[in-house]
Amino acid sequence: MSPFERFSHAVKQAMIILLVFPVLAGTFGVILPAAGFFPALGFNTVDTQAIHAFFATPELVSIIGLTLLTGVGATLFSLVISIALVAVVYCYRPFSSTKRLLAPLLVLPHGAVALALIFLLSPTPWIGEWFPYDNYGVSIIFALVIKEVPFLFFMSQSVLAQSALNKQLSGYYRTGLSLGYTPITAFLKLVLPSLYQRIRLPVFAVLAYAISCVEIPLVLGSNNIPTLSVAIVHWFNNVDLALRLPASVGAIVLMLLCIVALLLWRGSEQIIGHYYQRFVLNLNRAGGQLPLLILGTVSLIGFTILILALVSFTGVLSFATYWTSGSVLPQGITGLNWSVGLAAMQTPLLNSLILALCTSCVAVVVSLLALESEVKNEVTSKVVSRLMKRGGSSGYEKRFTLILFIPLLVPGVAFLFGLVWLQQLVFPERLWLSVGLSHLIYVLPYVFFSLAHSYRQIDPRYGQMAQSLGYSPFRVFIHVKLPLVFPSIAFAFAMGCAISLSQYLPTLLSSGGQIATVTTEAIALAAGSSKRLNAVYVIVQGLLPLVIFMAAWAIAQSFYARKTK
Amino acid sequence: MFNWQITIGFLKLNALLCLVVFACGTIGATNEVRFHAWGGSAQVNQYIQWVSQQVNQQHGITINHVKLADTSDAVSRVLAEKSAGNHHNGSVDLIWINGENFAAMQSNGLLAPSWVNELANFSLTNPTENPAVLTDFGLPTNGQEAPWGRAAMVFYYNSAHVKTPPKTAHELMSFVVENPGSFAYPTPNDYLGISFLKYLLIALNRGNTDGLYRPAMPEMFAELTTPLWAFLDTLHPHMWRQGTHMLRQASHMQRLIDDEVLHLGFSFTAAEIPSAVNRFDLPPTIRTYAMADGSLSNIHFVAIAYNSPNADNAKKVVNFLLSPVAQAYKKRLDVWGDDTVLDVALLPNEDAQLFQVEGAHPSALPPSERIIMFAEPHASWTDALRNAWFERYGARY
């Protein structure tokens, strides 16, 4: 093996460690205090006091119930709605151009979506009666669905875009149509089963996220009965440091809740799968056509209206002077909010950009090298994998995908506190390094996924040809492969920036509040006195990733223009 | 030879030190007043600068503003001087103080004995009607500190929705019952939240408030809080979100008033309301007023260190600080916006007019508004009240 090959292998191993170690270490870091061991506060013995303290929390059953209700409810609604949207877009071409509309919701951070929804909905007459802060988690479920539908939708789209699978599935679909099935029924019976198999991990990630998310229930939930994640953050940040012990128990309970919910989901899959098989095999050629068509169309229209309303309302609000309730437009416009907001935002904005650019750079380089080592792997075990995989992915690849999903499946609230404790132990003064590493855990998987598809599709013969002409593996990597996937690199880089920009809890915890970013400031201002200033922050939060994506697109375009000259 | 040089050098140094000490003593005793005051606010610093110019013209006194990061620094300096036996030539003349720092200085005998009644302008605060200027967080001032400024809890309402705002605690109750969902207050973790509870506690125990100015003993606490809990038990179901979701911060209350969801709010800084209106964060129909049954108020004072060599000049400065001119200038929104401790109703017309020059902002507290001041209860009531509230109404996250 050449030094480069060895290096790329080493990077891949490092990447696995980077993803798995912090989660394991962080989990370990909450198990100790949960067992009553926290020497810094004078708790030197292992006992069950912390566990008793946690289970003595008043209304604990309601807290756990609300957590499960919002988590499972939001995932279920998101899945059904996104399937309806995918079906409508898959079956009816004219709809496919509207899918671009969902992109802004994908890149906007959760906290920003929650804030924008408050601006739009809380002064609205009858919606304002229950939105936000209702006791049953309806507001939380609503906001989570708004945010997770685009995620599942685009995950499905990227699965359906894989050429081999696409060819296979559209063959099934056309056969269905020719046998007289209506379009959506054909989709449900012939495409969805294969599609669901491949978006199962993203669905699990949504479930885990919905159960453990902090920003949305913090901004929209009632503080009378909180979700468990909000209660945990409340205890961890309390002046009374002894509350960290029950908070650690809470973090472990939250992790167990996630596992229980995932198992329940798996169990329901079996049961629903059983009935679904009957549905697939019955000869009803229009089964599910009408309800799904209606749901898909209504959701599409609903999302379109909501996004347009959110964007225009937030935009106008940021320039508004007085705006009495009930009037369509404000009495006047002013630049005051923007000048105040931008002046206050300079440092947070700079911090956000530094973190986003650095972590994305690292993530792109690491992902590319990891992918490169994987290609080698495949070439050497080509025959074996050919025999094994039949067009699907190999067991190795599946295991690696699972590893990539670990940070998305283990609740951040649960392992981040432990991780921060560890970071303070290992490098107490390196704030930026701590925050950067915490971001990287979340940025890496997304960057890897964005790159993996196109990198794995590079025709190996280009590389073999170049190597036979005397190019070293390193030069093949730099001069042959990277140019081939350049647009994907630009896109993956922008994706990494968007993910880094949206991180709230990792930034807050790892920096101990000392590195302010636009996202942490926006959440801090959420309950502040000026909603016009909030609007400015929300817009900046939306514009930043948008500008980065556009720049990535422009760079990719000019790259090709130069190449084809 | 070598030893001699050192000895001579040492003698020279001693002589020099004596000179310096002597010089300091003479300078200190002339016309400089060293005003130890927290220096964290540009507005306050500029105001002290202005005061310095004024007293220099009137009395030939210069003020040396020693900008403190924390008032307790000056307290410990005086304490150190006392323990070192420096009883006549201290480095602190005037000190801006209240609450626990005052308590610490008083109990350690670090303050000049009763001097406030000597000041001509002190009578303008109308101490018999406004006993709040004579107590500092439950401690009698004993004439050892003079009131300088005040923050009082004022209420504000949206006149587009509310014609006659409630003027007493009992009117507040009927207002909330008649307009369900239009009022909310922050949890006692917030400064304004706990202040609201204190206001109710005092207002609901009218004529029986002596116990509030002594340490909170369980029996007294139970007796005095009974009417408060009864009041809140009735109030909560009629509040915004039926009192289940409670505001975390007072700033959120202000935002909901801007959203025209709530129509009544309160603040400890009257000056902040017109400036929020100017920033468009509150509607222009907002009006500010003070409760007729009293406003919780928080007075800040100035005191003189017991070992100040310039006590007489310091008193002249304090007398100027209490003059209508200085108090009116301090109250201007563009200067500091700090409320006066004078009873403006007592002032002769020409002086009272000084306070009326500004206040043209329709949302600001009308300058003529008479404020009956409730002094802060004894410091021990704060924690007791907060804990009891959470015990009774449940934790809020």
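Predicted, not measured: the structure shown is a model, and the values here were computed from it. (Residues numbered from 1 in each chain as written. Chains lettered and ligands numbered in written order. Predicted model: local features only at pLDDT ≥ 70, side-chain atom pairs only at ≥ 80, totals over all residues. Heavy atoms only, no water.)

Peer 1: Just checking my understanding: could you explain the environment of B:Thr187 for this structure?
Peer 2: All names here are of chain B. Position of threonine 187 relative to the elements: it lies in the loop between helix H5 (169–178) and helix H6 (191–204). Overall, the relative accessible area of 5% leaves threonine 187 in the buried class. Here the alpha-carbon distance between threonine 187 and alanine 250, two residues 63 residues apart in the chain, equals 8.9 Å. Contacts of threonine 187, omitting those with residues within four sequence positions, involve Gly193, Ile194, Met246, Leu247, Arg248, Phe390 and Arg396. (Helix = DSSP H or I, 4+ residues; strand = E, 2+ residues; numbered from the N terminus. Buried < 20%, exposed > 50% of the residue type's maximum accessible area, 1.4 Å probe, protein only. Contact = heavy atoms within 4.5 Å.)

Peer 1: I keep staring at the pattern of salt bridges and nothing clicks. Help me out?
Peer 2: Should the charged atoms of two oppositely charged side chains come close, the side chains can pair. All names here are of chain B. Per the stated rule, a full pass over the model turns up 18 salt bridges over all chains. A salt bridge links arginine 34 to aspartate 93, with the nearest nitrogen and oxygen atoms 3.1 Å apart. Residue arginine 34 is found in strand E1 (residues 32–38), and its partner aspartate 93 is found in the loop between helix H3 (71–83) and strand E3 (94–97); the two are separated by 59 residues along the sequence. Linking arginine 370 and glutamate 129 is a salt bridge whose minimum nitrogen-to-oxygen distance equals 4.0 Å. (Salt bridge = Lys/Arg side-chain N within 4 Å of Asp/Glu carboxyl O.)

Peer 1: Got a minute to help me understand the packing of H5(B) against H6(B) in this structure?
Peer 2: What describes two packed helices is the angle between their axes and the distance between those same axes. Residue and element names in this part refer to chain B. Packing of H5 against H6 leaves a shortest axis separation of 9 Å and a crossing angle of 115 degrees. Contacts from Ala169, His170 and Leu172 in H5 reach Phe196, Tyr199, Leu200, Ala203 and Leu204 in H6. A class-by-class count of the residues in the contact of H5 with H6 yields seven nonpolar, one polar and no charged. (Axes fitted to C-alpha atoms, helices over the stretch in contact; angles between N-to-C directions. Nonpolar A, V, L, I, M, F, W, Y, C, P; charged D, E, K, R; others polar.)

Peer 1: Can you help me understand the packing of helix H3 (residues 60–91) of chain A against helix H6 (residues 138–160) of chain A in this one?
Peer 2: All names here are of chain A. Across the interface, H3 lies against H6 with an axial gap of 7 Å and an inter-helix angle of 45 degrees. By the angle class used here, H3 and H6 are oblique. The handedness of the crossing between H3 and H6 is right-handed. Residues that form the contact of H3 with H6 fall into these classes: 17 nonpolar, six polar and one charged. (Parallel < 35°, antiparallel > 145°, perpendicular 65-115°, else oblique. Left-handed = near helix turned anticlockwise from the far one by under 90°.)

Peer 1: Please clarify how empty space enclosed by the protein should be interpreted in this entry.
Peer 2: In this approach the atoms are scanned with a rolling probe the size of a water molecule, which exposes any empty space left behind. Residue and element names in this part refer to chain B. The final tally for this structure, using the stated rule, is seven cavities of 30 Å³ or more. Roughly 60 Å³ of internal volume is contained in the largest cavity. As for the largest cavity, its lining consists of Ala132, Thr135, Asp136, Phe137, Ser297, Asn298, Ile299, Phe301, Ala375 and Glu376. Mapped onto the lining of the largest cavity, the elements with two or more residues apiece are strand E4 (135–136) and strand E10 (295–304). Ranked by residues supplied to the lining of the largest cavity, first place goes to E10 with four residues. A breakdown of the residues in the lining of the largest cavity according to their chemical character gives five nonpolar, three polar and two charged. (1 Å grid on protein atoms, 1.4 Å probe; cavity = no way out; pocket = protein on both sides within 12 Å on 5 of 7 lines; lining within 4 Å. Points joined across faces, edges and corners; volume = space filled by probe spheres on them.)

Peer 1: Please clarify how the pairing of E3(B) should be interpreted in this entry.
Peer 2: For a regular strand, the rule is simple: side chains alternate between the two faces of the sheet. Residue and element names in this part refer to chain B. Neither face of E3 is left uncovered, since the one carrying Leu94 and Trp96 and the one carrying Ile95 and Ile97 both have all their residues buried. Pairing between E1 and E3: two bridges, direction parallel. For histidine 36, the partnering residue across the bridge sits in E3 and is isoleucine 95. In this structure, E3 lies alongside E10, joined through four bridges in antiparallel fashion. By the bridge assignment, leucine 94 is partnered in E10 with isoleucine 304. (Pairing = 2+ DSSP bridges.)

Peer 1: What exactly am I supposed to notice about the domain arrangement of chain A here?
Peer 2: Interfaces are often described in size by the accessible area the parts lose on coming together. Residues and elements named next belong to chain A. According to the domain assignment, chain A contains domain 1 (65–227 + 259–334) and domain 2 (335–394 + 428–565). Between domain 1 and domain 2, the residue contacts involve 25 residues of the former and 26 residues of the latter. Three residues, Val107, Leu115 and Ser318, lead the burial of domain 1 against domain 2; their summed loss comes to 24% of the area buried on that side. Split by residue class, the side of domain 1 that touches domain 2 holds 16 nonpolar, eight polar and one charged. (Domains from an automatic or database assignment. Buried area = accessible area lost by both parts, 1.4 Å probe.)

Peer 1: Which parts of the structure should I look at to understand the confidence of the model for chain B?
Peer 2: Any segment with low pLDDT has predicted coordinates that should not be analysed in fine detail. Residue and element names in this part refer to chain B. This prediction gives chain B a mean pLDDT of 87; 92% of its residues lie at or above 70. At the level of individual helices and strands, chain B shows its lowest average pLDDT in helix H1 (residues 2–28), which scores 44, and its highest in H5, which scores 97. Low pLDDT (under 50) marks residues 1–28, which in the prediction has two contacts with non-local residues, meaning those over four places away or in another chain. Interface confidence in the predicted complex, given as ipTM, is 0.82; pTM for the same model is 0.81. (pLDDT = per-residue confidence, 0-100.)

Peer 1: Explain the interface of chain B and chain A here, please?
Peer 2: Across the boundary between the two partners, chain B contributes 24 residues, which contact 39 residues of chain A. At the boundary of chain B with chain A, total buried surface from both sides reaches about 2700 Å², with 48% on carbon and sulfur atoms. Scanning the region where chain B abuts chain A turns up three salt bridges. Where B:Asp258 meets A:Arg532, a salt bridge forms, and the shortest distance between an N and an O atom there is 3.0 Å.

Peer 1: Would you take a moment to explain the sheet that holds strand E8 (residues 264–267) of chain B for this structure?
Peer 2: Hydrogen bonding along the main chain pairs the strands of a sheet, whether they run parallel or antiparallel. Residues and elements named next belong to chain B. Strand order in the open sheet formed by three strands is E8-E7-E9, and the pairing between neighbours is antiparallel. The two strands at the open ends of the sheet, each matched to only one other strand, are E8 and strand E9 (286–289). Along the sheet, successive strands turn relative to each other by an average axial angle of 30 degrees, direction set aside. Bridge count between strand E7 (residues 154–158) and E8: four bridges; the pairing is antiparallel. Among the inter-strand pairings, tyrosine 157 is bridged to a residue of E8, identified as leucine 264.

Peer 1: Before we go on, may I ask you to explain the layout of surface pockets in this structure?
Peer 2: Of the volumes computed, that of the second largest pocket is approximately 1400 Å³. Contributing to the lining of the second largest pocket are 46 residues, with A:His234, B:Asn189, B:Arg248, B:Arg396 and B:Tyr397 lying nearest its centre. Top contributing element to the lining of the second largest pocket by residue count: helix H13 (residues 380–393) of chain B, with five residues. Tallied by class, residues from the lining of the second largest pocket come to 25 nonpolar, 14 polar and seven charged. Two domains share the lining of the second largest pocket, each providing at least three of its residues, namely domain 1 (65–227 + 259–334) and domain 2 (335–394 + 428–565) of chain A.

Peer 1: It is not clear to me how the confidence of the model for chain A should be interpreted in this structure. Could you clarify?
Peer 2: Residue and element names in this part refer to chain A. Per-residue confidence for chain A averages 87 on the pLDDT scale, and 95% of its residues sit at or above 70. Mean pLDDT across the elements of chain A ranges from a minimum in helix H14 (residues 382–389), with 45, to a maximum in H3, with 95. For residues 383–392, every residue scores under 50 in pLDDT, and the model assigns this stretch three contacts once sequence neighbours within four places are set aside.

Peer 1: Would you mind showing me how to read the packing of aromatic side chains here?
Peer 2: Aromatic rings considered in pairs are described by the distance between their centres and by the relative angle of their planes. Within this structure, the stated rule accounts for 47 aromatic pairs over all chains. For the ring pair A:Phe151 and A:Tyr446, a centre distance of 6.5 Å and an interplane angle of 65 degrees mean the geometry is edge-to-face. Here A:Phe151 is found in helix H6, whereas its partner A:Tyr446 is found in helix H17 (residues 431–456), with 295 residues between them in sequence. For the pair shown, A:Phe151 and A:Tyr446 are each scored as buried. Where A:Phe486 meets A:Phe559, the ring centres are 4.0 Å apart and the plane angle is 20 degrees; that geometry is what we call stacked. Here A:Phe486 is found in helix H20 (residues 486–502), whereas its partner A:Phe559 is found in helix H23 (residues 531–564), with 73 residues between them in sequence. The ring of A:Phe279 carries A:Lys189 above its face, with NZ or CZ at 5.0 Å from the centroid. Stacked on the ring of B:Tyr306, the Lys or Arg B:Lys82 has its end atom at 5.7 Å from the ring centre. (Phe/Tyr/Trp six-rings, centres within 6.5 Å; stacked < 30°, edge-to-face > 60°. Lys NZ or Arg CZ within 6 Å of the ring centre and 35° of its normal.)

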